[in-house]
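Overview (structure and organization)
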Amino acid sequence: MSLESLIILLPLFGGYLVPVKSRRLLARIDWVLSGIVYLILALMGLSLAQVDNLASELGTIGVLLATLIVLTLGLNLAALPLVDRRWPLALDLGESRQPLGKLVMESLKLALVVAAGVVLGLVVTLPHSLIEQTANGALMVLLALIGIQLRGSNLGLRSILLNPRGLAIAALVALTSLVAGALTALIHDLPLLHGVILASGFGWYSLSGILITDGLGPVLGSVAFLADLSRELIAIVLIPALMRVSPAGAIGYGGATAMDFTLPVLQQTGGPKVVPVAIVSGFLLSLATPILIPFLLSLA
């Protein structure tokens with residue numbers, strides 16, 4: 001494991017060692033987390049505004065983003081039905097009562113925060129070192145609070161290892177996503193490792209965006225952020241239909257968000273049996289991201 005991975009994991013595991021059982025305090029932590037995510041995304045926008053010839057780079061971002069999204073969606077959904085065949089899951093299929101439009105708007109707000117950061121960065125010039133240091137500090141606090149949340153979820157190692165569906169879904173999502181990233185790099189003549197790094201967020205946009213911006217620059221960092229945010233948006237829209245065709249596909253495509261943001265939709269469309277599978281899959285992908293991205297960046 002690289003030094004960068006250890007630095008990222010220290011606050012995560014440090015937070016995990018803090019037992020918090022108070023629902024009120026956990027709710028406060030969730031509120032603070034939302035604020036930190038908005039801060040990090042705004043800082044990403046400020047960093048992107050400092051790119052030379054930004055207007056011309058937007059075309060590059062759009063093309064890379066479209067390729068990565070299409071390949072990831074296609075490969076994820078092609079592989080995940082294998083889990084349904086091996087471990088079929090009898091579900092209580094119902095109609096989602098969650099207002100999908102509201103969830104989509106919540107995700108779009110995140111993209112608007114980045115756009116606002118870009119606009120501010122074009123008006124006010126801030127030292128790049130200040131933006132980077134602030135973003136790194138916010139990221140450490142974010143990871144510590146996420147560690148506390150993970151501890152509060154009462155998800156033990158035993159429950160993870162005894163859930164083969166969740167393990168298999170996480171493994172297939174990770175493998176096919178990395179293949180999609182590699183294919184994206186080959187199609188657009190990027191270094192192969194850069195493409196794999198772009199696909200290593202698995203839906204954790206606030207982490208992948210800032211780490212890749214720091215390691216590979218704001219253009220590729222923006223591609224990673226938007227690809228992971230798009231994963232969340234597309235999952236919200238597709239889950240009700242996918243649940244009837246491939247429960248594993250509905251759970252897996254959301255990636256790391258299966259244990260938090262997309263979990264209510266999964267529960268309401270698939271019933272209570274979906275919840276432990278989704279939490280295990282999302283937990284494992286969330287844990288893989290802060291290990292994989294710094295490790296791959298150290299090789300790039």
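The structure displayed is predicted, hence computed values, not measured ones. (Residues numbered from 1 in each chain as written. Predicted model: local features only at pLDDT ≥ 70, side-chain atom pairs only at ≥ 80, totals over all residues. Heavy atoms only, no water.)

**Looking at the nonpolar core**
- In this structure, L41, L139, L142, I169, I251 and L266 are the most contacted members of the largest nonpolar core, which totals 88 residues.
- If near-sequence neighbours (up to four positions away) are discounted, L142 is found in contact with L33, I36, V37, I40 and S206. (Core = buried A, V, L, I, M, F, W, Y, C linked by side-chain atoms within 4.5 Å. Buried < 20%, exposed > 50% of the residue type's maximum accessible area, 1.4 Å probe, protein only. Contact = heavy atoms within 4.5 Å.)

**Describing a nonpolar patch on the surface**
- A cluster of nonpolar side chains, V119, L120, L122, V123, V124, L126 and L130, forms an exposed patch at the surface whose accessible area comes to about 630 Å².
- Per-element accounting of the nonpolar patch gives the leading share, 4 residues, to helix α5 (residues 100–123).
- Inspection of the secondary structure assignment puts L122 in helix α5. (Patch = residues over 30% accessible without salt bridge, like charges linked within 9 Å, V, L, I, M, F, W, Y side chains within 5 Å. Areas by Shrake-Rupley, 256 points an atom, 1.4 Å probe, with all protein chains shown as cover. Salt bridge = Lys/Arg side-chain N within 4 Å of Asp/Glu carboxyl O. Helix = DSSP H or I, 4+ residues; strand = E, 2+ residues; numbered from the N terminus.)

**Some remarks on the packing of helix α2 (residues 23–49) against helix α11 (residues 218–245)**
- Put simply, α2 and α11 touch, their axes get as near as 9 Å, and they point 145° apart. When you trace α2 past α11, the crossing you get is left-handed. Each of L41, M44, S47 and L48 in α2 lies in contact with α11, whose residues at this interface are P218, V219, G221, S222 and F225.
- For the contact of α2 with α11, the class distribution of residues is 6 nonpolar, 3 polar and no charged. (Axes fitted to C-alpha atoms, helices over the stretch in contact; angles between N-to-C directions. Left-handed = near helix turned anticlockwise from the far one by under 90°. Nonpolar A, V, L, I, M, F, W, Y, C, P; charged D, E, K, R; others polar.)

**A short note on the packing of helix α3 (residues 54–79) against α11**
- Orientation of α3 relative to α11, taken along the N-to-C sense of each, is 40°, at an axis distance of 9 Å. When the axis of α3 is compared with that of α11, the two are oblique. α3 and α11 meet at a crossing whose hand is right-handed. Along the contact surface, α3 presents E57, I61, L64, L65, L68, I69, T72, L73, N76 and L77, while α11 presents V219, L220, S222, V223, L226, A227, S230, R231, I234, L238 and L242.
- Partitioned by chemical class, the residues of the contact of α3 with α11 number 15 nonpolar, 4 polar and 2 charged. (Parallel < 35°, antiparallel > 145°, perpendicular 65-115°, else oblique.)

**Considering helix α14 (residues 274–299)**
- Its 26 residues place the ends of α14 37 Å apart at the C-alpha level, agreeing with the 38 Å of an ideal helix rising 1.5 Å per residue.
- The sharpest bend along α14 comes to roughly 30°, located at T289, with the proline P290 sitting one to four residues further on. (Expected span 1.5 Å × (residues − 1). Bend = angle between axes of the 7 residues up to and from the residue.)

**Some thoughts on the packing of aromatic side chains**
- Evaluation of the coordinates by the stated rule reveals 1 aromatic pair.
- Between Y205 and F225, the ring centres sit 6.1 Å apart and the planes meet at 85°, which makes this aromatic pair edge-to-face. Taken together, the residues span a long stretch of sequence, with Y205 in helix α10 (residues 205–216) and F225 in helix α11 at a distance of 20 residues.
- With a relative accessible area of 13%, Y205 lands in the buried category.
- For F225, a relative accessible area of 1% corresponds to the buried category. (Phe/Tyr/Trp six-rings, centres within 6.5 Å; stacked < 30°, edge-to-face > 60°.)

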